[in-house]
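# Descriptive analysis of the structure
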Amino acid sequence: MKKVFVAGHLGMVGSAIVRQLETKADVEVVVRSRSELDLTNQQAVFDFFETEKIDQVYLAAAKVGGIVANNTYPAEFIYENLTIQNNIIHAAHINGIQDLLFLGSSCIYPKLAEQPMKEDTLLTGTLEETNEPYAIAKIAGIKMCESYNRQYGRNYRSVMPTNLYGENDNFHPENSHVIPALLRRFHEAKLNGDAKVVAWGSGKPMREFLYVDDMAAASIYVMNLEQSVYDANTEPMLSHINVGTGVDCTIRELVETVAKVVGFAGEIAFDATKPDGAPRKLMDVSRLKALGWQAKIELEQGLALTYDWFLANQDNFRK
């Protein structure tokens, strides 16, 4: 029986990893809430690992937020994320844990990275300004894993997801990401009998979206890959792996699909005076495919699953 610690088990990705690990007969899942274990407290983290005798670690814990939060609290974003990573990775090493998976973000890549974004574009250009502190912390996490592998022969791997959505997403009306925001807006428009919904921007930018259960499946797959297979498809100091669908869609297509899933029959308009953001953000997932994994849940199916979960839990999202 393997004891597996999932740090960040209440978040969208961490909870999905826990759901899948709990189906495995040979795994004992270990979790701790923030009140039980403060991951920014080095001594507390070291004591936890010394006591629990963990075999594997999924490092999905992070301080996350949208553009406003990243702009308002850059110091907290870089400090808390670096501290959590440093504490867990070093404590895992000190306690002889060989296997760890670090979860990052596609924001590690340069603002003007060539599309689709390949792993080797890391550190080749300037980052997007609004979330640079968060991105720097995630880059440091990748390099920390690689450094412990190089110096101590550890098996610390990193995965970088594209835009995620699904169960346990944040549906807050002011600070949620695009898919939960759209699902909620169309749901409320349908309930209110609104004739029209206006979406921000031109609808032309292209984005990639991955259902969180696919992300969890990919994480568990990469964690448990044979070392020889992993080594054959990565480089010691360029070892992180993009996780996505390899397929993108326009924001217009996304909006229309959300409206279809929710059952909104009114007019959809686009306010082109509002900002579009980058014209395209797509991950190159050829490395992941070479390792033998690819996403299974298509966008419309994933949106329907997410909307069903929202409907079952909407009392939690009241203002």
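Quick summary incoming for the structure in this document. Starting afresh in each chain, residues are numbered from 1 along the sequence in its written order. Given that this is a predicted model, residues contribute local features only at a pLDDT of at least 70 and side-chain atom pairs are listed and counted only at 80 or more, while totals for whole chains, interfaces and linings are drawn from all residues. In computing side-chain properties, one takes all heavy atoms of the structure into account and sets aside hydrogens as well as water.

Okay, the packing of aromatic side chains next. Here the distance between the centres and the angle between the planes together describe a pair of aromatic rings. Centre distance within 6.5 Å is the pairing criterion for rings of Phe, Tyr and Trp, where only the six-membered ring of Trp is used; planes under 30 degrees apart are then read as stacked, over 60 as edge-to-face, and the remainder as tilted. Under the definition given, this model contains 11 aromatic pairs. Taking 5.2 Å as the distance between ring centres and 80 degrees as the angle between the ring planes, the aromatic pair formed by Phe48 and Phe49 counts as edge-to-face. We call a residue buried when its accessible area falls under 20% of the maximum for its residue type, exposed when it is over 50%, and partly exposed in between, using a 1.4 Å probe and counting protein chains only. In this structure Phe48 comes out as buried when scored by relative accessible area, which is 7%. An aromatic cluster is defined as three or more aromatic residues linked by ring pairs; in this entry it consists of Phe171, Tyr307, Trp309 and Phe310. Above the face of the Phe77 ring, Lys63 is positioned so that its terminal group lies 5.2 Å from the ring centre. The ring of Trp200 has Lys274 lying over it, and the distance from NZ or CZ to the ring centre is 5.3 Å. Here, a charge over a ring means that NZ of Lys or CZ of Arg falls within 6 Å of the ring centre while also lying within 35 degrees of the ring normal.

Here we take up the layout of surface pockets. Over the atoms rolls a probe the size of a water molecule, and in doing so it shows where empty space is left. Estimated volume of the second largest pocket: approximately 320 Å³. Along the walls of the second largest pocket sit 18 residues, with Thr245, Val247, Ile297, Glu298 and Leu299 positioned nearest its centre. By residue class, the composition of the lining of the second largest pocket is nine nonpolar, three polar and six charged. Computed over the protein atoms alone on a 1 Å grid, cavities are sets of points where a 1.4 Å probe fits but cannot get out and pockets are open sets with protein on both sides within 12 Å along at least five of seven lines; a residue lines them when it has an atom within 4 Å of a point. Grid points are joined across faces, edges and corners, and a volume is the space filled by probe spheres set on the points. Amino acid classes used here: Ala, Val, Leu, Ile, Met, Phe, Trp, Tyr, Cys and Pro are nonpolar; Asp, Glu, Lys and Arg are charged; the rest, including Gly, are polar.

Moving on, we get to the state of the cysteines. The term disulfide is used for any two cysteine sulfur atoms that are within 2.5 Å. A full pass over the atoms with the stated rule returns zero disulfides. A disulfide-free cysteine, Cys107 has its sulfur positioned 16 Å from the sulfur of Cys145, the nearest such atom. Residue Cys145 is classed as buried on the basis of its relative accessible area of 0%.

In a soluble, globular protein the nonpolar side chains are often hidden away together inside. In this text, buried Ala, Val, Leu, Ile, Met, Phe, Trp, Tyr and Cys residues form a nonpolar core when linked through side-chain atoms within 4.5 Å. Residues Phe5, Phe49, Ile88 and Leu100 are the most contacted members of the largest nonpolar core, which totals 40 residues. Helix and strand assignments follow DSSP, with helices taken as H or I runs no shorter than four residues and strands as E runs no shorter than two, numbered in order from the N terminus. Elements that contribute at least two residues to this core include exactly strand S1 (2-7), helix H2 (42-52), strand S3 (56-59), helix H4 (74-94), strand S4 (99-103), helix H5 (132-152) and strand S5 (155-161). Sorting elements by how many residues they give to this core places H5 first, with seven residues. Filtering out sequence-adjacent residues up to four positions away, Leu100 remains in contact with Val57, Ile88, Ile89, Ala92, Cys145, Asn155, Tyr156, Arg157 and Met223. Only heavy atoms enter the contact rule, under which two residues are in contact if any of them lie within 4.5 Å.

Position of Ala259 among the secondary structure elements: in helix H9 (residues 251-262). Residues Ala259 and Val197, 62 residues apart in the sequence, show an inter-C-alpha distance of 9.4 Å. Residues in contact with Ala259, not counting those within four places in the same chain, are Phe186, Phe264 and Ile268.

It is worth spelling out the sheet that holds strand S11 (residues 249-250) at this point. Two strands form a pair only when DSSP identifies at least two bridges running between them. A sheet is described by the order of its strands in space; here three strands give the open sequence S11-S8-S13, paired in mixed fashion. Edge strands, defined here as strands with exactly one partner in the open sheet, are S11 and strand S13 (280-281).

Across the sheet, six strands lie side by side as S2-S1-S3-S4-S5-S10; this open sheet has parallel pairing. Looking at which strands have only one partner, the edges of the open sheet turn out to be strand S2 (27-30) and strand S10 (241-243). Taken pair by pair, the neighbouring strands of this sheet meet at an average axis angle of 20 degrees, ignoring direction. Every angle, taken between N-to-C directions, lies between 0 and 180 degrees, and every axis is a line fitted to C-alpha atoms, over only the stretch in contact when it is a helix. Packed on one face of the sheet, H5 meets S4 and S5 and runs near 155 degrees to S5. Packed on one face of the sheet, helix H7 (residues 212-223) meets S3, S4, S5 and S10 and runs near 145 degrees to S4.

Another point: the pairing of S4. Taken residue by residue, a regular strand's side chains alternate between the two faces of the sheet. Of all five residues that make up S4, five are buried, and the element is covered over most of its length. Burial along S4 is two-sided: Asp99, Leu101 and Leu103 and Leu100 and Phe102, pointing in opposite directions, are all buried. In this structure, S3 lies alongside S4, joined through four bridges in parallel fashion. The partner of Leu59 across the bridge, within S4, is Phe102. Bridge count between S4 and S5: five bridges; the pairing is parallel. Across the sheet, Asp99 pairs through a bridge with Asn155, a residue of S5. Note on handedness: a crossover is taken as right-handed if, strands pointing away from the viewer, the path from the first strand over the helix to the second is clockwise. Between S4 and its parallel partner S5, the chain crosses via H5, and the hand of that crossover is right-handed.

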